[in-house]
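Here is how the chains run, residue by residue.
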Amino acid sequence: DGGEKKQLAPTLVDNKACMDERQRKACVMLEDMIKKWASSYARAVELAPGAQQSRELKFVALFSKPSKEEPIAWPIVRVKFTVPDDFEGVAHPRVTYTLEGERMVFDVTTDLGRRFKESWLDRIVMDKRAVRADMVRAARARTHTHTCVACVRACVRVCVCS
């Protein structure tokens, strides 16, 4: 290890003000659990929509990968968590999570659930960027009316006029 301490990415926002005490404790437990999952990502944990009113222990972790070029990074990847009601009395509570856009439910008490991989977040980020690039190309293709044959050919790939 060389005695060096690895710098972890910061938490994005602290959203515990709207949580009750039990939800705050569950949120802190989740933050502690995920801080080592993806060290190059900034992250924030917040209540899932509707959980404040229902008092359920459902949360969404937001992961964002800032860089020098993009300090406020897009896209954000969401991971949904459910914490059991008895989490405080259990050494290893059965927390489950689902990655954005996925159906598989992971359980942190299983071997696979404990082995969260940063590459899973990277894949979702790449997929979102690819979808956005396709949408931008399609929008450009619909809005350009060029007379230059070379430019028309280039617009099929990427417009060289703009």
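Computed from a predicted structure; not experimentally measured. (Residues numbered from 1 in each chain as written. Predicted model: local features only at pLDDT ≥ 70, side-chain atom pairs only at ≥ 80, totals over all residues. Heavy atoms only, no water.)

1. Considerations on the overall build of the protein
In terms of helices and strands, the protein carries 5 helices and 5 strands. Long-range pairs, those at least 24 residues apart, make up 46% of the contacts in the protein between residues at least 6 apart in sequence. Accessible area for the protein stands at about 10600 Å²; split by element, carbon and sulfur atoms hold 55% of it. (Helix = DSSP H or I, 4+ residues; strand = E, 2+ residues; numbered from the N terminus. Contact = heavy atoms within 4.5 Å. Areas by Shrake-Rupley, 256 points an atom, 1.4 Å probe, with all protein chains shown as cover.)

2. A look at the packing of aromatic side chains
Overall, the coordinates contain 10 aromatic pairs when judged by the stated rule. The interplanar angle of 50 degrees and the centroid separation of 4.9 Å between the aromatic rings of Trp37 and Tyr97 together place this pair among those described as tilted. You can see Trp37 sitting in the loop between helix H1 (21–34) and strand S1 (42–47) and its partner Tyr97 sitting in strand S4 (residues 96–99), a full 60 residues away along the chain. For the pair Trp37 and Tyr97, a shared accessibility class is recorded, and that class is buried. An aromatic cluster is defined as three or more aromatic residues linked by ring pairs; in this entry it consists of Trp37, Tyr41, Phe63, Phe81, Tyr97, Phe106, Phe116 and Trp120. (Phe/Tyr/Trp six-rings, centres within 6.5 Å; stacked < 30°, edge-to-face > 60°. Buried < 20%, exposed > 50% of the residue type's maximum accessible area, 1.4 Å probe, protein only.)

3. As for the environment of Ala51
Its place among the elements puts Ala51 in helix H2 (residues 51–54). Through-space distance from the C-alpha of Ala51 to that of Met19 is 9.1 Å; in sequence the pair is 32 residues apart. Sequence-distant contacts of Ala51, defined by excluding residues within four places in its chain, comprise Gln23, Glu56 and Lys58.

4. Examining the pattern of salt bridges
Under the counting rule described, the total for this entry stands at 12 salt bridges. For the salt bridge of Lys25 with Glu88, the shortest nitrogen-to-oxygen distance reads 3.3 Å. Of this pair, Lys25 sits in helix H1 while Glu88 is found in the loop between strand S3 (77–82) and S4, placing the two residues 63 residues apart along the sequence. Judged by its relative accessible area of 40%, Lys25 falls in the partly exposed class. One salt bridge connects Lys128 with Glu100, and the closest N-O pair in it is separated by 2.7 Å. On the criterion of sequence distance, the pair formed by Lys128 in helix H4 (residues 118–143) and Glu100 in the loop between S4 and strand S5 (106–107) is long-range, its members being 28 residues apart. Judged by its relative accessible area of 25%, Glu100 is partly exposed. Among the charged side chains, a salt-bridge network with shared partners connects Lys65, Glu118 and Asp122. (Salt bridge = Lys/Arg side-chain N within 4 Å of Asp/Glu carboxyl O.)

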